[in-house]
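Descriptive structure summary
Listed here are the chains, written in short residue letters.
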Amino acid sequence: MSIRVVVADDQELVRAGFGMILDAQDDIEVVAEAADGREAVSAVRRHGPDVLLLDIRMPVMDGLEAARLVCAESGCKVVMLTTFDLDEYVYEALYAGASGFLLKDVRRDDLVHAVRVVAAGESLLAPTVTRRLVADLVKRRRVQPAADGPPPPSLDALTAREVETLRLLARGLSNAEIAGTLFVSEHTVKTHVSNVLSKLGLRDRVQAVICAYETGLVTPGTP
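Cut-offs and rules
Residues numbered from 1 in each chain as written. Predicted model: local features only at pLDDT ≥ 70, side-chain atom pairs only at ≥ 80, totals over all residues. Heavy atoms only, no water. Helix = DSSP H or I, 4+ residues; strand = E, 2+ residues; numbered from the N terminus. Buried < 20%, exposed > 50% of the residue type's maximum accessible area, 1.4 Å probe, protein only. Contact = heavy atoms within 4.5 Å. Pairing = 2+ DSSP bridges. Axes fitted to C-alpha atoms, helices over the stretch in contact; angles between N-to-C directions. Disulfide = S-S within 2.5 Å. pLDDT = per-residue confidence, 0-100. Parallel < 35°, antiparallel > 145°, perpendicular 65-115°, else oblique. Core = buried A, V, L, I, M, F, W, Y, C linked by side-chain atoms within 4.5 Å. Expected span 1.5 Å × (residues − 1).

Assignment of secondary structure puts Asp9 in the loop between strand S1 (3–8) and helix H1 (12–23). Accessibility expressed as a relative area gives 0% for Asp9, which makes it buried. Among residues more than four places away in sequence, those in contact with Asp9 are Val14, Arg15, Ala34, Ala35, Asp55, Met58, Leu81 and Lys104.

In spatial order, the strands read S2-S1-S3-S4-S5; together these five strands make up an open sheet with parallel pairing. Because the sheet does not close on itself, it has two edges, and the strands there are strand S2 (28–34) and strand S5 (100–103). In this sheet, neighbouring strand axes are inclined to one another by 25 degrees on average, regardless of whether the strands run parallel or antiparallel. Taken strand by strand, helix H2 (residues 37–47) contacts S1, S2 and strand S3 (51–55), and its axis lies near 135 degrees from that of S2. Where helix H5 (residues 108–119) meets the sheet, its contacts fall on S1, S2, S3, strand S4 (77–82) and S5, and the angle it forms with S3 comes to roughly 125 degrees.

Our next topic: the state of the cysteines. Throughout the structure, instances matching the rule amount to zero disulfides. Cys71 takes part in no disulfide bond, and the closest cysteine sulfur, belonging to Cys76, lies 7.7 Å away. Judged by its relative accessible area of 9%, Cys71 falls in the buried class.

It is worth spelling out the confidence of the model for the protein chain at this point. Predicted confidence across the protein chain gives a mean pLDDT of 82, with 80% of residues reaching 70 or more. Mean pLDDT across the secondary structure elements of the protein chain bottoms out at helix H6 (residues 128–143), with 58, and peaks at S1, with 96.

For Val60, which is not glycine, the phi dihedral falls at a positive 70 degrees. With respect to the helices, strands and loops of the structure, Val60 is situated in the loop between S3 and helix H3 (63–73). One non-glycine residue with positive phi stands out, namely Phe183, at about 60 degrees. Here Phe183 shows up in the loop between helix H8 (175–182) and helix H9 (186–200).

Okay, the packing of helix H7 (residues 160–170) against H9 next. Two packed helices can be described by the angle between their axes and the distance between those axes. Contact geometry of H7 with H9 gives a least axis separation of 9 Å together with a crossing angle of 95 degrees. When the interaxial angle is binned, H7 and H9 end up roughly perpendicular. Of the residues in H9, those in contact with Arg161, Glu162, Thr165, Leu166 and Leu169 of H7 are His192, Val193, Asn195, Val196, Lys199 and Leu200.

This part is about the nonpolar core. Counting residues in each nonpolar core, the largest one holds 26 residues, and the members touching the most others are Ala8, Leu52, Leu54, Val70, Val78 and Met80. Elements with a contribution of two residues or more to this core: S1, S2, H2, S3, H3, S4 and helix H4 (88–96). Looking at this core element by element, the count peaks at five residues for H3. With residues near it in sequence (within four places) discarded, Val70 still touches Val41, Val44, Leu52, Cys76 and Val78. If you look at the next biggest cluster of nonpolar residues, it comprises 24 residues, including Leu155, Leu169, Val189 and Leu202.

Moving on, we come to H5. End to end, H5 covers 17 Å across twelve residues, agreeing with the expected 16 Å (1.5 Å per residue, within 8%). Among the residues of H5, those classed as buried are Leu111, Val112, Ala114, Val115, Val117 and Val118. Where H5 is buried, its residues touch S1, H1, S2, S3, S4 and S5. One or two steps after H5, the chain reaches Gly121, where phi turns positive at roughly 95 degrees.

Given below as structure tokens:
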């Protein structure tokens, strides 16, 4: 079954270029394009895609508000597109439920890989810049908490092994790497990760990493 994608960007050449790259893959289908946030939300509602590539800065409705609506209304995974690796809006996008972000100058292979990874339920946590962004996000929140932001969930509901899984996940380890560290099967790790997300009411691994930082389970600079 193909991964269904909506591409939203107010620059037609960017939108078309990404669309052509993705549509050329046997396992990916671009079902719609959108030129602003409102069109992006409508396209998701109409087509029910697996992944939405969403530019942060767009007219009519910006990508941040569009991400909030899409993440609240559907199971569609949102990947934000930005020109700058530390765009201020990216921080809020992660809290809104986005599964990660890509720079607009992303390589062709990395774009395709990102769509496949997010569609499979993973998140864009491997790049160093993303881990740096999450750590910086948490430091900003501690200095100036968002008035409307929910408090971080308690980890009391987790078992000791689930806490350890969350700690390793927050360090950027893949399921296979976590399995090797804990001397368990990859299937067992997937179960632990699923339990962590379910018990803490989290959407995906990005939000789990944010939770790990906010609760102090890990701290910026943890190896």
